[in-house]
Amino acid sequence: MSPVEPMMTTEHARHLQHQMLRIRRFEERCVELYSAAKIRGFLHLYVGEEAVAVGVMEALAAQDAVVATYREHGHALARGVSAGSVMAEMFGKVEGCSRGRGGSMHLFDVATRFYGGNAIVAGGLPIAVGLALAAKMQGQPIVTACFFGEGAMAEGEFHESMNLSALWRLPVLWCCENNFYAMGTALARSESETNLAVKAASYEMPAWTVDGMDVVAVEAAATNAVDAIRNGGGPHFLELRTYRFRAHSMYDPERYRDKAEVERWKERDPITMLEARGLVDASTIAELEAAVSAEIDAAVAFAEAGSLERIEDLTRFVVSEVGAP
Amino acid sequence: MKTTYREALRAGLRDALLRDERVFLMGEDVGAYGGCFAVSLGLFEEFGPERVRDTPLSESAFVGAGIGAAIGGMRPIVELMTVNFSLLALDQIVNNAATLLHMSGGQCHVPVVIRTTTGAGRQLAAQHSHSFEGWYAHIPGLRVLAPATLEDARGMLWTALQSPDPVMIFEHGALLGMDGELADDAGAVEIDHAAIRRSGTDVTLITYGGTLHKTLAAAEALAAEGVSAEVIDLRTLRPLDDATIMESVGRTHRAVIVDEGWRSGSVSAEISARIMEQAFYELDAPVGRVCTAEIPIPYAKQLEEAALPQVPAIMAAVHDVLGRMSTSVDGVPVLAETH
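Draft legend 1. Representation of the overall build of chain A within the structure. A count of helical and extended segments in chain A gives 11 helices and 8 strands. The C-alpha atoms of chain A give a radius of gyration of 19 Å, which matches the 20 Å a tight globule of 325 residues would have. For the C-alpha atoms alone, the extent of chain A along its principal axes is close to 55 × 50 × 40 Å. Relative to its full complement of 325 residues, chain A shows a buried share of 52%. Within chain A, residue pairs in contact and separated by at least 24 positions form 76% of the contacts whose partners lie at least 6 positions apart.

Draft legend 2. Structural context of the sheet that holds strand 9 (residues 195–198) of chain B. Residues and elements named next belong to chain B. The strand order 9-11-10-13-14 describes an open sheet built from 5 strands, whose pairing is mixed. Looking along the sheet, the strands with just one partner apiece sit at the ends: strand 9 and strand 14 (288–292). The average undirected angle you get between the axes of adjacent strands in this sheet is 25 degrees. Note that strand 10 (residues 203–207) and strand 13 (residues 255–262) share 3 bridges and pair parallel. Opposite Leu205, over in strand 13, you have Val256 as the bridge partner. Those strands touched by helix 13 (residues 311–321) are strand 10, strand 11 (229–233), strand 13 and strand 14, and its axis lies near 160 degrees from that of strand 14.

Draft legend 3. Focus on the interface of chain B and chain A. Between chain B and chain A, the contact holds 33 residues from the first and 36 residues from the second. Residue assignment for the side of chain B that touches chain A shows that the elements contributing at least two residues are helix 3 (59–71), helix 5 (90–97) and helix 6 (100–103) of chain B. Of the residues assigned to the side of chain B that touches chain A, the class counts are 13 nonpolar, 17 polar and 3 charged.

Draft legend 4. Just unusual backbone geometry, in detail. Here Arg238 of chain B and Pro239 of chain B are connected by a cis peptide whose omega angle stands at -5 degrees. With respect to the helices and strands, the residue Pro239 of chain B is situated in the loop between strand 12 (236–238) and helix 10 (242–252). Of note in this structure, Arg99 of chain A is not a glycine but carries a positive phi near 60 degrees. With respect to the helices and strands, Arg99 of chain A occurs in the loop between helix 4 (83–90) and strand 2 (114–118). On the neighbour-count criterion, Arg99 of chain A (24 C-beta atoms within 10 Å) is buried. Look at Phe317 of chain A: it is not a glycine, yet its phi comes out positive at around 70 degrees. Topologically, Phe317 of chain A is positioned in the segment after helix 11 (282–305).

Calculation criteria
Residues numbered from 1 in each chain as written. Chains lettered and ligands numbered in written order. Predicted model: local features only at pLDDT ≥ 70, side-chain atom pairs only at ≥ 80, totals over all residues. Helix = DSSP H or I, 4+ residues; strand = E, 2+ residues; numbered from the N terminus. Rg over C-alpha atoms; globule rule 2.2 N^0.38 Å. Buried ≥ 20, exposed ≤ 12 C-beta atoms within 10 Å, placed from the backbone. Contact = placed C-beta atoms within 7 Å. Pairing = 2+ DSSP bridges. Axes fitted to C-alpha atoms, helices over the stretch in contact; angles between N-to-C directions. Nonpolar A, V, L, I, M, F, W, Y, C, P; charged D, E, K, R; others polar.

Shown next as structure tokens:
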């Protein structure tokens, strides 16, 4: 079964392009700010993979839940977490979406049902099972979308979570972002079966392989899957084939892959691929770039103006404070 | 009424399932089988397979599912068959349950209760007999409970379920068959304080869980020798109730800690350090400790018994801190480490 692409309107194409540009330019600014030592710690960039987060988020509704990985700036922005609160988080400020306690790898926003930001590979999958179990037990039409890299598929938690979700027919959309490298280990060097959808399908759930560089294809596949899940179809799995244009993090000499391979993938840049569909004209793109630039300027200003948590408050949020739900 | 520790645990589970429809029990063989140790016997029939939910052998996934369900508005009780199996879920317990609230800047509460069977004494050997509650007590973000009495077996669960944060309950396997009287109206108990189970004036014995009853037996035997021992049941291993410990040590000026965990890096080590920090000038003798010998728990009965804290070793440790005879009691060699 292959998903049918919806009729793409100019307005919708503009929206998708806007979302991808927001992520791309936001992260480019993050690199500058990292060099300027405004951002520290690990910084895992999503550059090249934007179509995955943007396409899947389009398929979700406000009540749905999202669990992501440590490469989640794009997911947070596409989900509706404000650029200011994400940037402030990177700056380690109280105004950050996790009050500066999480940083780049642990963006949280309960208001948009964005549950991290999990930096243990496959560690978020069991949580997605639980969120979906809660929704099912409560009789609510909520879908939980869980993102993870293909590296997670070598973890036991992947297999346990696939099995539980299928066994209990839970409303989960499993989104495997296959960028072909688990940090520096190529897929064929870590998986005996490199057709990842086949692995998922062995758990008796619908599993599709999707061009993760084509945001329209991602949105179509995710929409079909989410509709099926919401209608009681149980978990679905998408292998979204994509590519990381930048290093794994900020400390990666990229000894494990050819520059020529990277260049070949850049020819399939999701942003230029959508442009090539001809639905968004050059002047519109210029408008979007200007809007994105202004949004990011404002986010950086918001982060710069933010406050640092007082050292007296160091030990807060280890246990809940009085009056917590 | 006459009851057992196992029945008291079951009564606590049943009460929680009746009182709050968000509560459900999940774990390996908790349902159709009736619980590996028959704790949840009958609950599957009464509450059905949704709320008394059998899981595959996937400790990490079903503990993580408990965490996710808690975030999603449920009040899960997750049962891990034994403490050794909890190690398969360590990632979820430590990296998620204990961490999400802080990592999210206070947004993401995780009201999950994780129960497991701990301890030795049933000849179950080295993969079913350990006491890892001290490890969990090391972790900020967790609350760690160790019921040692029928009242606590019955009453800690409901209070734990009211916490917005993760709570782990370590039920001692050797106590499951312990019987006694429990008030007909027994219910929820507070979980913030240690309890003085026996008052005394000469020495403070500090313990929890499965060794409480051995410690009380030692205190009884010491009384026959004219030694008045106070016995503190910690009940909660994290956060520790320092005040009750220090108040007692301030009166008796001597302390012995009895801990079924291994000595190195144990709850007993932590308490000893705290007494040194907070009550050093009250002490008339160094703090004594009786812990499990530092070996994987062996199968053979005489070896297992020798490895674990026993009444003679507790008495010997008390004799030590009182400056009395210390190497044997009634001709029985003291094999458990006391130094």
